[in-house]
Amino acid sequence: MKRRFIITAGPTREFLDPVRFLSNPSTGRMGYAIARAAAAKGYEVELVSGPVALRTPKGVVRHDVVSARDMKRSVDLLLKQPFDGKTFFIATAAVADWRPKKIAAKKLKKSEMSSVLELERNPDILKSVKGAIKIGFAAETGSNIEEAQRKCRDKDAAMIVFNDVTSPGAGFGTITNRVVFVCADGRSEVLPLMTKDAIGRRIVKFCEAL
Ligand code: PMT
């Protein structure tokens, strides 16, 4: 069976002027680990990456993006490419939910800046994807499994990988992670602290069994 993996990874940046942006601490490690695991099994892997300091894994095609809207455009283009097999869309990226309403063309002077920043919603990439088997992540602060179950239903995903980003060794920037697989059929699997590479292999295995 031919399989294609389209994976988002890393943060997005939402600029308010050429020198300032809103973002988050994602390093891309989780997404790159999944890409590495899928490529090692010989699958076609398209990695849509926010700005990170990681090397592209062997056998992976990387598409660099900056903002959430860039990321969505790149994912939409890839999904339009014909593929005669199963497509998996895996959303590990920490996408900024909001962007500044106005982007100034020139650096704003302190005197020109307001203490209130007007924002508007970014598109929800995972939710908008059609025609692929979807796996998302839920970055929570605390053991909020119900929220992961809600996200799984809301985004029509086959699975949401829950991680409590406040747990030691888990979440942003770490080499390890502590995750729970929350599946659409109501099953869940609690995994111990593992390397992100090992979790990547488990996620690919999960996809192979679908
Ligand atoms: O990159 P690392 O440093 O290795 O860190 C890994 C990680 C903590 C970023 C990763 O494990 C993780 O939890 N990624 C998801 C972060 C996140 O944005 O979670 P969320 O609960 O806000 O979003 C839920 C899901 O919807 C995610 O799959 C997200 O990619 C997706 N989403 C969210 C908002 C949006 N506008 N578009 C999306 O596609």
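What this report covers is the structure whose coordinates are included nearby. (Residues numbered from 1 in each chain as written. Predicted model: local features only at pLDDT ≥ 70, side-chain atom pairs only at ≥ 80, totals over all residues. Heavy atoms only, no water.)

**Considerations on the site of the ligand**
Move 1: Residues in contact with the ligand amount to 27 residues; listed here are only the nearest, Ser-26, Thr-27, Ala-93, Lys-151 and Asn-163.
Move 2: One of the backbone N or O atoms of Leu-126 is found 2.9 Å from an oxygen atom in the ligand.
Move 3: In the model, an oxygen atom of the ligand is placed 2.9 Å from a nitrogen or oxygen of the Phe-137 main chain.
Move 4: Contact with the protein chains hides 95% of the accessible area of the ligand, taken as 770 Å² for the molecule alone.
Move 5: Looking at the shell around the ligand, the elements that each hand over two or more residues are α1 (29–40), α3 (125–128) and β9 (133–140).
Move 6: Looking at the shell around the ligand element by element, the count peaks at four residues for β9.
Move 7: A breakdown of the residues in the shell around the ligand according to their chemical character gives 12 nonpolar, nine polar and six charged. (Near = heavy atom within 4 Å. Polar contact = N/O pair within 3.5 Å; in protein donor to acceptor, adjacent residues only side chain to side chain. Areas by Shrake-Rupley, 256 points an atom, 1.4 Å probe, with all protein chains shown as cover. Helix = DSSP H or I, 4+ residues; strand = E, 2+ residues; numbered from the N terminus. Nonpolar A, V, L, I, M, F, W, Y, C, P; charged D, E, K, R; others polar.)

**Side note on the environment of Ala-148**
Move 1: Considering the arrangement of structural elements, one finds Ala-148 in helix α4 (residues 145–154).
Move 2: Residues Ala-148 and Arg-178, 30 residues apart in the sequence, show an inter-C-alpha distance of 14 Å.
Move 3: When near neighbours in sequence (up to four residues on either side) are disregarded, Ala-148 contacts Ala-138, Ile-160, Phe-162 and Val-182. (Contact = heavy atoms within 4.5 Å.)

**Brief notes about a nonpolar patch on the surface**
Move 1: Taken together, the side chains of Trp-98, Leu-117 and Leu-119 define a hydrophobic patch exposed on the protein surface, amounting to about 270 Å² of accessible area.
Move 2: Along the chain, Trp-98 falls in strand β7 (residues 98–100). (Patch = residues over 30% accessible without salt bridge, like charges linked within 9 Å, V, L, I, M, F, W, Y side chains within 5 Å. Salt bridge = Lys/Arg side-chain N within 4 Å of Asp/Glu carboxyl O.)

**Points about the pattern of salt bridges**
Move 1: Within this structure, the stated rule accounts for 15 salt bridges.
Move 2: Here Lys-72 ties to Asp-76 by a salt bridge, and the two come within 2.7 Å at their closest N and O atoms. Here Lys-72 and its partner Asp-76 are both found in helix α2 (residues 68–80), four residues apart, which amounts to about one turn of the helix.
Move 3: Residue Arg-202 pairs with Glu-189 through a salt bridge whose shortest N-O separation is 2.6 Å. One end of the pair, Arg-202, is in helix α5 (residues 196–209); the other, Glu-189, is in strand β13 (residues 188–190), and 13 residues separate them in sequence.
Move 4: For Arg-202, a relative accessible area of 30% puts it in the partly exposed group. (Buried < 20%, exposed > 50% of the residue type's maximum accessible area, 1.4 Å probe, protein only.)

**Considerations on the pairing of strand β2 (residues 14–17)**
Move 1: With three bridges connecting them, β2 and strand β3 (residues 20–22) associate as antiparallel partners. When the bridges of β3 are listed, Glu-14 appears paired with Leu-22.
Move 2: Connecting β2 to the antiparallel partner β3 that follows it, the hairpin turn spans two residues. (Pairing = 2+ DSSP bridges.)

**Re the nonpolar core**
Move 1: By size, the foremost hydrophobic cluster in this structure holds 32 residues, and its most contacted members are Phe-5, Ile-90 and Ile-203.
Move 2: Put simply, the parts of the chain that give this core at least two residues each are β1 (3–9), α1, β4 (44–49), β6 (86–91), β9, β10 (159–164), β12 (179–183) and α5.
Move 3: The contact partners of Phe-5, leaving out residues within four places of it in the chain, are Ala-38, Tyr-43, Glu-44, Val-45, Glu-46, Phe-88, Ile-90, Val-204 and Cys-207.
Move 4: Grouped together as the second largest cluster of nonpolar side chains are 21 residues, Val-75, Ala-91, Ala-93 and Val-182 included. (Core = buried A, V, L, I, M, F, W, Y, C linked by side-chain atoms within 4.5 Å.)

**Some words on the sheet that holds strand β5 (residues 60–64)**
Move 1: Ordered by their spatial adjacency, eight strands build an open sheet running β5-β4-β1-β6-β9-β10-β12-β13, and the pairing between neighbours is mixed. The open sheet has two free edges, formed respectively by β5 and β13, since each of these has just one partner strand. Strand-to-strand, the axes of this sheet are offset by a mean angle of 15 degrees, without reference to chain direction.
Move 2: Pairing analysis gives five bridges linking β4 to β5, with the strands arranged parallel. Its bridge partner being in β5, Glu-46 is matched across the sheet by Val-61.
Move 3: α2 rests against β1, β4, β5 and β6 of the sheet, and its axis sits at about 175 degrees to β1. (Axes fitted to C-alpha atoms, helices over the stretch in contact; angles between N-to-C directions.)

Remember, this is a structural readout, not a statement about activity or role.
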